[in-house]
Amino acid sequence: HGSRANCAFASTPTPAAPAPAAGTVVFIHGWGMNADTMLPWASAMAARGLRGLVVDLRNHGGSGHGTPGFGRLESQDVAELVIALERRGQITRPLYLFGVSYGAATAIFTAQQPGVGVDAVVAMEPFDNAADAVKGFSNPATLVGGGGALAALQRSWIRHRFSPRRLDAQIDAVERQFGYRLASIDVGDAMVENGTCTLVIHGAQDTLLAPAASRRMADRAAPLAHYVEPPYDNHVTLPLRVDWLAGPITQWLAATNSGCAAPLIPPDPSPPPAS
């Protein structure tokens, strides 16, 4: 597939003889990011007893180039990496996946891959369908915020540049280049089919990817999928909420060893934004 994975293990200062890890979490970053962006999560959860493995997806960070697969092809890379590291004794079971946005879709697809044996998935702000995700990220209202003449002019230009007809034509060109239909990459179907306990977290203020789509995916995959919607977070701020969510997510992962109960998320400790 022409790509390689650049991985690092997250650790926390510990005594000379640390306790054995209670499992391994593979952290998968979002589009345009790299493994470094997942290090805060890996470090926080390592402090709670989980080994962290952060990866650079194909076309990102230190990894090589390959056909972008909107999570479906990337999941094959992640699966190969996990299998290879387990053979070298570097994976401690149980195995969990934690992905953000594009990485969340990758994590859901990875749970389908044979020979990996994923015990639970944390999917933070995933997209439901690749074609819909491309259109969502091209919405002028989400790309340019605020008021004033300049913002209005920028939104007008984006509406012209990414009109529905132009956008459909660009999607068609991408599909011809890569040899698959974007609309065929359906993350919701994969979540249902992989049969893996999954926690879906999506900020209510996300204007790039609709939280309602994540809610529908989780409902379809119930009772193995649970949905949490933080009321004040958007697509950018939610992945920064390590201080609030790392503990409850770690506890939920540990609890999946004996079932797939709903998570216990405490109230958001931060005040709502000023209106």
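Placed above this text is the structure.
Source: prediction; values computed, not measured. (Residues numbered from 1 in each chain as written. Predicted model: local features only at pLDDT ≥ 70, side-chain atom pairs only at ≥ 80, totals over all residues. Heavy atoms only, no water.)

## Comments concerning the pattern of salt bridges
Keep this limit in mind: Salt-bridge detection follows one rule: a side-chain nitrogen of Lys or Arg within 4 Å of a carboxyl oxygen of Asp or Glu. Here a strand is any run of E in DSSP of at least two residues, a helix any run of H or I of at least four, and the numbering for each starts at the N terminus. Residue exposure (1.4 Å probe, protein chains only): buried if accessible area is under 20% of the type maximum, exposed if over 50%, otherwise partly exposed.
Scanning all chains against the criterion turns up six salt bridges. With its nearest N and O atoms 2.7 Å apart, the salt bridge here joins Arg-58 to Asp-77. Of this pair, Arg-58 sits in the loop between β3 (51–55) and α2 (72–87) while Asp-77 sits in helix α2, placing them 19 residues apart in sequence. Take Arg-58 and Asp-77: they sit in the same class, and that class is buried. When the shortest N-O distance is used, the salt bridge between Arg-220 and Asp-189 registers 2.6 Å.

## Focus on the side chain of Glu-74
So the rule is basically this: Positive charge is attributed to Lys and Arg, negative charge to Asp and Glu, and no charge count is given to His or to the chain ends. Here a polar contact means two N or O atoms within 3.5 Å. Within protein one must be a hydrogen donor candidate and the other an acceptor candidate, and residues neighboring in sequence count only if both atoms are side-chain atoms. Any two residues whose heavy atoms approach within 4.5 Å are treated as being in contact.
Tracing the backbone shows Glu-74 in helix α2. No salt bridge is formed by the buried Glu-74, whose closest oppositely charged neighbour, Arg-58, lies at an N-O distance of 5.0 Å. Among the polar contacts listed, one links the side chain of Glu-74 to the backbone nitrogen of Gly-69, at a separation of 3.0 Å. Setting aside chain neighbours within four positions, we find Glu-74 in contact with Leu-57, Arg-58, Pro-68, Gly-69, Tyr-102 and Thr-106.

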